Amino acid sequence: MQIDIKNSAGNLTSNQLKYLLNLKQTAELKELFKTAYQLRINNLDREIYLRGIIEFSNICSKDCYYCGIRKSNQKINRFKMSKTEILESAGWIYKNNYASIVLQSGERNDPEFINFVNDLIKEIKNLSNNKLGITLSLGEQDKKTYQKWFELGAHRYLLRIESSNQKLYENIHPVSHSFKKRLNCLNILREIGYQVGTGVMIGLPGQTIEDLANDLLFFKEIDVDMVGMGPYVIHKQTPLAKKIVDEKILKVRNFDLALKMIAALRILIPDINIAATTALDALSPDGKKRGLKAGANIIMPVITHPNYRKDYQLYENKELIGVSAADEFKKFDLSKELNAKIGYNKWGDSPHYFKRN
Ligand code: SAM
Ligand code: SF4
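Presented here is a report on the structure given in the accompanying data block. Along every chain, residues carry numbers that run from 1 in the direction the sequence is written. To read the labels, note that chains go from A and ligands from 1, taken in the order they are written. In keeping with the predicted nature of the model, local features appear solely for residues at pLDDT of at least 70, side-chain atom pairs appear and are counted solely at 80 or more, and the whole-chain, interface and lining totals rest on all residues. Only heavy atoms go into the side-chain values, all of them from the structure, while hydrogens and water stay out.

## What to know about the site of ligand 1
Move 1: Put simply, a residue is near a molecule or strand once any heavy atom of it comes within 4 Å of that molecule or strand. Of all residues adjacent to ligand 1, which total 18 residues, the nearest are Tyr66, Arg160, Glu162, Arg182 and Val233.
Move 2: Between ligand 1 and Arg160 there is a distance of 2.8 Å, counted from an oxygen atom to a side-chain nitrogen or oxygen.
Move 3: Between ligand 1 and the protein, one listed contact pairs a nitrogen atom with a backbone N or O atom of Val233 at 2.7 Å.
Move 4: Here, Shrake-Rupley sampling with a 1.4 Å probe gives the accessible areas, and only protein chains in the shown set may cover a residue. Protein burial of ligand 1: of its 550 Å² of free accessible surface, 92% is covered by the chains.
Move 5: In a pocket analysis with a 2 Å cut-off to the grid points, ligand 1 is assigned to the largest cavity.
Move 6: Throughout this entry, Asp, Glu, Lys and Arg are counted as charged residues, while Ala, Val, Leu, Ile, Met, Phe, Trp, Tyr, Cys and Pro are counted as nonpolar. The remaining residues, Gly among them, count as polar. The class makeup of the residues in the shell around ligand 1 is nine nonpolar, five polar and four charged. Any pair of N or O atoms that falls within 3.5 Å is considered a polar contact. Within protein, one atom must be able to donate a hydrogen and the other to accept it, and sequence-neighbouring residues count only if both atoms are side-chain atoms. A cavity here means a set of 1 Å grid points, computed over protein atoms only, where a 1.4 Å probe fits but cannot escape. A pocket is an open set with protein on both sides within 12 Å along at least 5 of 7 lines, and lining residues have an atom within 4 Å of a point. Molecule-in-pocket calls rest on the fraction of atoms, with more than half required to lie within 2 Å of the cavity or pocket grid points.

## Section: the side chain of Asn254
Move 1: A run of DSSP states H or I qualifies as a helix once it reaches four residues; a run of E qualifies as a strand once it reaches two. Both are numbered from the N-terminal end. Assignment of secondary structure puts Asn254 in helix H9 (residues 247–268).
Move 2: Polar side-chain contacts of Asn254 include one of 3.4 Å to the backbone oxygen of Ile202.
Move 3: Ignoring any residue separated from it by four or fewer positions in sequence, one finds Asn254 in contact with Ile202, Gly203, Pro231, Tyr232 and Leu283. In this analysis, two residues are considered to be in contact whenever any of their non-hydrogen atoms come within 4.5 Å of each other.

## A few points about the packing of helix H2 (residues 26–43) against H9
Move 1: Interaxial distance between H2 and H9 falls to 9 Å at its minimum, and their mutual angle equals 45°. The orientation of H2 with respect to H9, classified from their angle, is oblique. In this structure, the crossing between H2 and H9 has a hand that is left-handed. On H9, the residues that touch Leu29, Leu32, Phe33, Thr35, Ala36, Leu39 and Arg40 of H2 are Leu259, Lys260, Ala263, Arg266 and Ile267.
Move 2: For the contact of H2 with H9, the class distribution of residues is eight nonpolar, one polar and three charged. Note on geometry: axes are C-alpha line fits, over the in-contact stretch for helices, and angles between N-to-C directions span 0 to 180 degrees. Should an angle fall under 35 degrees it is taken as roughly parallel, and over 145 as roughly antiparallel, whereas 65 to 115 is taken as roughly perpendicular and any remaining angle as oblique. By convention the crossing between two helices is left-handed if the near helix lies anticlockwise of the far one by an angle smaller than a right angle, and right-handed if it lies clockwise.

## So, the site of ligand 2
Move 1: Around ligand 2, a shell composed of Cys60, Lys62, Cys64, Tyr66, Cys67, Ile69, Arg70 and Gly106 is seen.
Move 2: More than half of the atoms of ligand 2 fall within 2 Å of the grid points belonging to the largest cavity.
Move 3: In terms of residue class, the shell around ligand 2 is built from five nonpolar, one polar and two charged.

Shown next, in the form of C-alpha coordinates:
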(Lines give C-alpha, C1' and ligand atoms only; values in the text may rest on other atoms or scores of the structure.)
(Ligands and ions follow the chains in the order given, each with its own letter.)
Protein backbone atom coordinates (compact mmCIF):
# COMPACT_ATOMS: atom_id res chain seq x y z
CA MET A 1 0.00 0.00 0.00
CA GLN A 2 1.26 3.47 -0.76
CA ILE A 3 -0.05 6.44 1.18
CA ASP A 4 0.12 10.06 0.24
CA ILE A 5 1.32 10.92 3.75
CA LYS A 6 1.36 14.65 3.15
CA ASN A 7 -2.33 14.71 2.31
CA SER A 8 -3.40 12.34 5.06
CA ALA A 9 -3.17 14.74 8.00
CA GLY A 10 -5.97 14.21 10.50
CA ASN A 11 -7.33 11.29 8.60
CA LEU A 12 -5.66 7.88 8.69
CA THR A 13 -7.39 4.49 8.75
CA SER A 14 -6.28 1.53 10.83
CA ASN A 15 -4.71 -0.08 7.73
CA GLN A 16 -2.81 3.08 6.89
CA LEU A 17 -1.54 3.40 10.44
CA LYS A 18 -0.37 -0.22 10.40
CA TYR A 19 1.38 0.45 7.11
CA LEU A 20 3.25 3.40 8.65
CA LEU A 21 4.18 1.44 11.76
CA ASN A 22 5.56 -1.37 9.57
CA LEU A 23 7.80 0.90 7.47
CA LYS A 24 11.43 -0.24 7.41
CA GLN A 25 13.15 1.40 4.45
CA THR A 26 15.33 4.35 5.39
CA ALA A 27 13.96 6.60 2.64
CA GLU A 28 10.35 5.91 3.62
CA LEU A 29 11.08 6.51 7.29
CA LYS A 30 12.81 9.75 6.44
CA GLU A 31 9.74 10.93 4.60
CA LEU A 32 7.48 9.88 7.47
CA PHE A 33 9.51 11.81 10.06
CA LYS A 34 9.92 14.82 7.81
CA THR A 35 6.19 15.04 7.17
CA ALA A 36 5.37 14.70 10.87
CA TYR A 37 7.95 17.33 11.78
CA GLN A 38 6.56 19.74 9.19
CA LEU A 39 3.03 19.17 10.49
CA ARG A 40 4.19 20.08 13.98
CA ILE A 41 5.60 23.35 12.71
CA ASN A 42 2.49 24.12 10.65
CA ASN A 43 0.01 23.33 13.43
CA LEU A 44 1.89 24.43 16.55
CA ASP A 45 5.00 26.47 16.03
CA ARG A 46 8.74 26.17 16.09
CA GLU A 47 8.96 26.18 19.86
CA ILE A 48 9.60 23.20 22.09
CA TYR A 49 7.93 23.48 25.50
CA LEU A 50 9.41 22.36 28.77
CA ARG A 51 7.78 20.57 31.68
CA GLY A 52 10.14 20.19 34.63
CA ILE A 53 9.18 16.88 36.23
CA ILE A 54 9.59 16.21 39.94
CA GLU A 55 9.16 12.54 40.81
CA PHE A 56 8.51 13.18 44.46
CA SER A 57 7.77 9.71 45.83
CA ASN A 58 8.16 6.06 44.80
CA ILE A 59 5.66 4.79 47.36
CA CYS A 60 2.94 3.05 45.39
CA SER A 61 -0.14 1.07 46.34
CA LYS A 62 -0.27 -0.64 42.94
CA ASP A 63 1.56 -3.56 41.47
CA CYS A 64 1.80 -3.08 37.69
CA TYR A 65 3.81 -6.02 36.31
CA TYR A 66 6.23 -3.83 34.30
CA CYS A 67 7.16 -1.10 36.78
CA GLY A 68 10.30 -1.01 38.92
CA ILE A 69 8.61 0.83 41.80
CA ARG A 70 5.61 -1.53 42.05
CA LYS A 71 4.60 -2.20 45.62
CA SER A 72 5.93 -5.80 45.67
CA ASN A 73 9.46 -4.76 44.73
CA GLN A 74 11.19 -5.00 48.09
CA LYS A 75 14.63 -4.31 46.71
CA ILE A 76 14.24 -0.54 46.50
CA ASN A 77 14.40 2.19 49.10
CA ARG A 78 11.05 3.87 49.44
CA PHE A 79 11.18 7.68 49.66
CA LYS A 80 8.98 10.70 49.79
CA MET A 81 10.57 14.10 49.23
CA SER A 82 9.71 16.65 51.90
CA LYS A 83 7.54 19.62 51.05
CA THR A 84 10.56 21.90 51.41
CA GLU A 85 12.61 19.84 48.96
CA ILE A 86 9.78 19.78 46.42
CA LEU A 87 9.24 23.52 46.71
CA GLU A 88 12.97 24.10 46.27
CA SER A 89 12.87 22.13 43.03
CA ALA A 90 9.71 23.98 41.94
CA GLY A 91 11.54 27.26 42.63
CA TRP A 92 14.41 26.10 40.41
CA ILE A 93 11.97 25.34 37.61
CA TYR A 94 10.34 28.75 37.99
CA LYS A 95 13.62 30.64 38.11
CA ASN A 96 14.86 28.85 35.02
CA ASN A 97 11.80 30.03 33.11
CA TYR A 98 10.36 26.60 32.33
CA ALA A 99 6.83 27.90 33.06
CA SER A 100 5.46 24.44 33.65
CA ILE A 101 5.94 21.74 36.24
CA VAL A 102 4.84 18.08 36.45
CA LEU A 103 4.33 16.43 39.84
CA GLN A 104 4.57 12.67 39.53
CA SER A 105 4.65 9.81 42.04
CA GLY A 106 3.51 6.30 42.79
CA GLU A 107 -0.22 6.07 43.34
CA ARG A 108 -1.69 6.66 46.78
CA ASN A 109 -5.30 7.43 47.62
CA ASP A 110 -5.10 8.07 51.38
CA PRO A 111 -6.08 11.44 52.90
CA GLU A 112 -2.54 12.22 54.05
CA PHE A 113 -1.28 12.00 50.46
CA ILE A 114 -4.22 13.93 49.04
CA ASN A 115 -3.76 16.75 51.56
CA PHE A 116 -0.03 16.79 50.88
CA VAL A 117 -0.76 17.36 47.18
CA ASN A 118 -3.37 20.01 48.05
CA ASP A 119 -0.69 21.93 49.93
CA LEU A 120 1.87 21.49 47.18
CA ILE A 121 -0.44 22.93 44.52
CA LYS A 122 -1.27 25.93 46.72
CA GLU A 123 2.35 26.61 47.60
CA ILE A 124 3.66 26.20 44.06
CA LYS A 125 1.04 28.67 42.87
CA ASN A 126 2.13 31.05 45.65
CA LEU A 127 5.85 30.85 45.06
CA SER A 128 5.40 31.56 41.35
CA ASN A 129 2.74 34.30 41.64
CA ASN A 130 0.37 31.91 39.88
CA LYS A 131 2.71 31.68 36.92
CA LEU A 132 3.84 28.05 36.96
CA GLY A 133 1.47 25.75 35.08
CA ILE A 134 0.88 22.56 37.09
CA THR A 135 0.47 19.13 35.54
CA LEU A 136 -0.27 16.14 37.77
CA SER A 137 0.59 12.51 37.12
CA LEU A 138 -0.64 10.84 40.29
CA GLY A 139 -2.66 7.92 39.00
CA GLU A 140 -6.28 7.02 39.59
CA GLN A 141 -8.16 9.14 42.11
CA ASP A 142 -11.83 9.75 42.85
CA LYS A 143 -13.76 12.58 41.24
CA LYS A 144 -13.74 14.70 44.39
CA THR A 145 -9.96 14.63 44.56
CA TYR A 146 -9.47 15.42 40.87
CA GLN A 147 -11.97 18.28 41.27
CA LYS A 148 -10.22 19.67 44.35
CA TRP A 149 -6.80 19.63 42.68
CA PHE A 150 -8.28 21.36 39.62
CA GLU A 151 -9.86 24.07 41.77
CA LEU A 152 -6.56 24.61 43.55
CA GLY A 153 -4.88 25.33 40.23
CA ALA A 154 -3.65 22.13 38.55
CA HIS A 155 -4.71 22.34 34.93
CA ARG A 156 -3.29 19.31 33.17
CA TYR A 157 -3.36 15.63 34.11
CA LEU A 158 -1.38 12.74 32.67
CA LEU A 159 -2.84 9.27 33.01
CA ARG A 160 -1.64 6.69 30.55
CA ILE A 161 -4.13 4.03 29.56
CA GLU A 162 -0.97 1.86 29.10
CA SER A 163 -2.72 -0.14 26.34
CA SER A 164 -6.14 0.49 24.82
CA ASN A 165 -6.53 -3.28 24.34
CA GLN A 166 -8.35 -4.33 27.51
CA LYS A 167 -7.09 -7.92 27.27
CA LEU A 168 -3.47 -6.75 26.98
CA TYR A 169 -4.03 -4.26 29.82
CA GLU A 170 -5.24 -7.15 31.96
CA ASN A 171 -2.21 -9.26 31.04
CA ILE A 172 0.18 -6.64 32.38
CA HIS A 173 -1.69 -5.85 35.60
CA PRO A 174 -2.96 -7.87 38.55
CA VAL A 175 -6.73 -8.54 38.59
CA SER A 176 -7.24 -5.83 41.20
CA HIS A 177 -6.36 -3.17 38.58
CA SER A 178 -9.29 -2.19 36.41
CA PHE A 179 -9.11 -1.07 32.79
CA LYS A 180 -12.65 0.36 33.01
CA LYS A 181 -11.76 2.40 36.09
CA ARG A 182 -8.72 3.87 34.35
CA LEU A 183 -10.81 4.76 31.31
CA ASN A 184 -13.45 6.30 33.53
CA CYS A 185 -10.79 8.43 35.23
CA LEU A 186 -9.85 9.86 31.81
CA ASN A 187 -13.51 10.75 31.19
CA ILE A 188 -13.84 12.41 34.61
CA LEU A 189 -10.67 14.47 34.09
CA ARG A 190 -12.02 15.72 30.78
CA GLU A 191 -15.42 16.58 32.26
CA ILE A 192 -13.77 18.58 35.05
CA GLY A 193 -11.90 20.65 32.48
CA TYR A 194 -8.31 19.43 32.72
CA GLN A 195 -6.16 19.28 29.62
CA VAL A 196 -5.98 15.53 29.46
CA GLY A 197 -2.91 13.53 28.53
CA THR A 198 -2.73 9.81 28.08
CA GLY A 199 -0.36 7.35 26.47
CA VAL A 200 0.76 3.77 26.10
CA MET A 201 3.87 1.69 26.41
CA ILE A 202 5.22 0.62 23.04
CA GLY A 203 6.56 -2.88 22.43
CA LEU A 204 4.97 -4.71 25.34
CA PRO A 205 5.18 -8.50 25.21
CA GLY A 206 2.12 -9.74 23.31
CA GLN A 207 1.36 -6.34 21.77
CA THR A 208 0.76 -6.33 18.01
CA ILE A 209 1.06 -3.60 15.36
CA GLU A 210 -2.72 -3.71 15.20
CA ASP A 211 -2.88 -2.94 18.94
CA LEU A 212 -0.62 0.06 18.44
CA ALA A 213 -2.66 1.34 15.49
CA ASN A 214 -5.74 0.98 17.69
CA ASP A 215 -3.99 2.90 20.47
CA LEU A 216 -3.52 5.82 18.09
CA LEU A 217 -7.18 5.66 17.02
CA PHE A 218 -8.16 5.47 20.69
CA PHE A 219 -6.33 8.78 21.36
CA LYS A 220 -8.35 10.35 18.57
CA GLU A 221 -11.62 8.84 19.73
CA ILE A 222 -11.30 10.13 23.29
CA ASP A 223 -10.14 13.48 21.92
CA VAL A 224 -6.96 13.83 23.99
CA ASP A 225 -5.06 17.10 24.30
CA MET A 226 -1.62 15.60 24.87
CA VAL A 227 0.11 12.26 24.58
CA GLY A 228 3.14 10.96 26.41
CA MET A 229 3.97 7.51 25.11
CA GLY A 230 7.27 5.73 25.10
CA PRO A 231 8.98 2.42 24.59
CA TYR A 232 8.41 -0.31 27.14
CA VAL A 233 11.80 -0.80 28.83
CA ILE A 234 12.70 -3.80 30.96
CA HIS A 235 13.12 -3.65 34.72
CA LYS A 236 14.61 -6.96 35.85
CA GLN A 237 12.88 -6.98 39.24
CA THR A 238 9.42 -7.19 37.65
CA PRO A 239 7.24 -10.10 36.51
CA LEU A 240 6.98 -8.80 32.93
CA ALA A 241 10.76 -8.94 32.43
CA LYS A 242 10.57 -12.74 32.63
CA LYS A 243 8.56 -12.81 29.41
CA ILE A 244 11.31 -11.17 27.38
CA VAL A 245 13.30 -13.61 25.27
CA ASP A 246 15.86 -11.30 23.65
CA GLU A 247 16.48 -8.01 25.40
CA LYS A 248 18.73 -6.60 22.65
CA ILE A 249 16.14 -7.14 19.92
CA LEU A 250 13.43 -5.69 22.16
CA LYS A 251 15.40 -2.49 22.72
CA VAL A 252 16.03 -1.80 19.04
CA ARG A 253 12.49 -2.72 18.02
CA ASN A 254 10.81 -0.68 20.72
CA PHE A 255 12.87 2.40 20.05
CA ASP A 256 12.13 2.32 16.30
CA LEU A 257 8.47 1.66 16.92
CA ALA A 258 8.23 4.52 19.42
CA LEU A 259 9.55 7.00 16.83
CA LYS A 260 7.08 5.72 14.23
CA MET A 261 4.24 5.98 16.77
CA ILE A 262 5.12 9.63 17.44
CA ALA A 263 5.21 10.46 13.74
CA ALA A 264 1.99 8.57 12.93
CA LEU A 265 0.23 10.30 15.81
CA ARG A 266 1.37 13.73 14.67
CA ILE A 267 -0.15 12.97 11.27
CA LEU A 268 -3.36 11.58 12.78
CA ILE A 269 -3.91 14.47 15.26
CA PRO A 270 -1.68 17.34 14.16
CA ASP A 271 -2.55 19.91 16.86
CA ILE A 272 -1.96 18.05 20.12
CA ASN A 273 1.06 18.20 22.40
CA ILE A 274 3.26 15.12 22.06
CA ALA A 275 6.11 14.47 24.48
CA ALA A 276 9.48 13.04 23.58
CA THR A 277 9.54 10.92 26.73
CA THR A 278 12.40 10.00 29.06
CA ALA A 279 12.18 6.30 28.14
CA LEU A 280 13.47 7.15 24.64
CA ASP A 281 16.76 8.23 26.21
CA ALA A 282 17.01 4.93 28.08
CA LEU A 283 17.33 3.18 24.71
CA SER A 284 19.39 5.69 22.74
CA PRO A 285 21.63 8.56 23.93
CA ASP A 286 19.89 11.01 21.60
CA GLY A 287 16.49 9.41 22.00
CA LYS A 288 14.53 12.50 22.98
CA LYS A 289 16.09 14.57 20.24
CA ARG A 290 15.05 11.94 17.69
CA GLY A 291 11.54 12.03 19.19
CA LEU A 292 11.46 15.78 18.54
CA LYS A 293 12.64 15.22 15.00
CA ALA A 294 9.80 12.73 14.52
CA GLY A 295 7.10 15.27 15.44
CA ALA A 296 7.07 15.60 19.25
CA ASN A 297 7.02 19.14 20.71
CA ILE A 298 7.40 18.69 24.48
CA ILE A 299 10.32 17.63 26.65
CA MET A 300 10.14 16.88 30.33
CA PRO A 301 13.56 17.40 31.93
CA VAL A 302 13.83 15.47 35.19
CA ILE A 303 14.28 17.89 38.09
CA THR A 304 13.94 15.26 40.81
CA HIS A 305 16.63 15.84 43.43
CA PRO A 306 19.73 13.77 42.48
CA ASN A 307 19.65 11.98 45.86
CA TYR A 308 16.34 10.36 44.96
CA ARG A 309 16.75 9.58 41.27
CA LYS A 310 18.32 6.20 41.78
CA ASP A 311 15.22 5.10 43.69
CA TYR A 312 12.81 6.20 40.95
CA GLN A 313 13.94 3.62 38.43
CA LEU A 314 10.74 2.61 36.65
CA TYR A 315 12.92 0.74 34.17
CA GLU A 316 16.60 0.08 33.64
CA ASN A 317 18.94 2.75 32.42
CA LYS A 318 16.50 5.51 33.33
CA GLU A 319 18.83 8.36 32.68
CA LEU A 320 20.13 11.20 34.66
CA ILE A 321 21.46 9.76 37.85
CA GLY A 322 23.88 12.49 38.77
CA VAL A 323 23.15 14.71 35.77
CA SER A 324 21.86 18.17 36.58
CA ALA A 325 18.73 19.44 34.90
CA ALA A 326 20.68 22.26 33.32
CA ASP A 327 23.23 19.87 31.79
CA GLU A 328 20.56 17.55 30.58
CA PHE A 329 19.38 20.06 28.21
CA LYS A 330 22.46 21.49 26.89
CA LYS A 331 22.22 18.26 24.87
CA PHE A 332 19.57 19.82 22.68
CA ASP A 333 21.19 22.09 20.16
CA LEU A 334 17.76 23.05 19.02
CA SER A 335 18.47 25.99 16.81
CA LYS A 336 20.87 24.22 14.48
CA GLU A 337 19.66 20.68 14.38
CA LEU A 338 15.95 21.10 14.84
CA ASN A 339 15.32 24.54 13.48
CA ALA A 340 13.44 25.19 16.71
CA LYS A 341 13.90 26.96 20.01
CA ILE A 342 12.79 26.47 23.58
CA GLY A 343 9.53 28.23 24.47
CA TYR A 344 10.72 29.72 27.77
CA ASN A 345 8.11 31.34 30.03
CA LYS A 346 5.20 29.87 28.10
CA TRP A 347 2.80 27.20 29.25
CA GLY A 348 2.65 25.82 25.73
CA ASP A 349 -0.93 24.59 25.99
CA SER A 350 -2.17 22.30 23.29
CA PRO A 351 -4.16 24.26 20.66
CA HIS A 352 -6.37 21.18 20.43
CA TYR A 353 -7.73 21.85 23.94
CA PHE A 354 -9.11 25.24 22.93
CA LYS A 355 -10.97 23.76 19.97
CA ARG A 356 -12.86 21.23 22.10
CA ASN A 357 -16.67 21.21 22.09
N1 SAM B 1 1.70 6.07 39.24
C2 SAM B 1 1.19 6.90 38.21
C3 SAM B 1 0.60 6.11 37.10
O4 SAM B 1 0.88 4.92 36.98
O5 SAM B 1 -0.17 6.69 36.31
C6 SAM B 1 2.24 7.85 37.67
C7 SAM B 1 3.66 7.38 37.69
S8 SAM B 1 3.99 6.00 36.66
C9 SAM B 1 5.61 5.59 37.15
C10 SAM B 1 4.22 6.78 35.08
C11 SAM B 1 4.32 5.88 33.88
O12 SAM B 1 5.53 5.14 33.91
C13 SAM B 1 3.27 4.82 33.74
O14 SAM B 1 2.07 5.33 33.20
C15 SAM B 1 3.96 3.81 32.83
O16 SAM B 1 3.51 3.90 31.48
C17 SAM B 1 5.44 4.21 32.88
N18 SAM B 1 6.28 3.03 33.14
C19 SAM B 1 6.33 2.28 34.25
N20 SAM B 1 7.16 1.23 34.08
C21 SAM B 1 7.65 1.33 32.81
C22 SAM B 1 8.54 0.53 32.02
N23 SAM B 1 9.08 -0.58 32.50
N24 SAM B 1 8.82 0.94 30.75
C25 SAM B 1 8.28 2.08 30.27
N26 SAM B 1 7.41 2.86 30.95
C27 SAM B 1 7.10 2.48 32.21
FE1 SF4 C 1 2.63 2.43 40.64
FE2 SF4 C 1 2.39 3.93 38.42
FE3 SF4 C 1 4.36 2.10 38.69
FE4 SF4 C 1 1.86 1.25 38.36
S5 SF4 C 1 3.09 2.45 36.88
S6 SF4 C 1 3.32 0.47 39.88
S7 SF4 C 1 0.75 2.82 39.49
S8 SF4 C 1 4.08 3.94 39.87
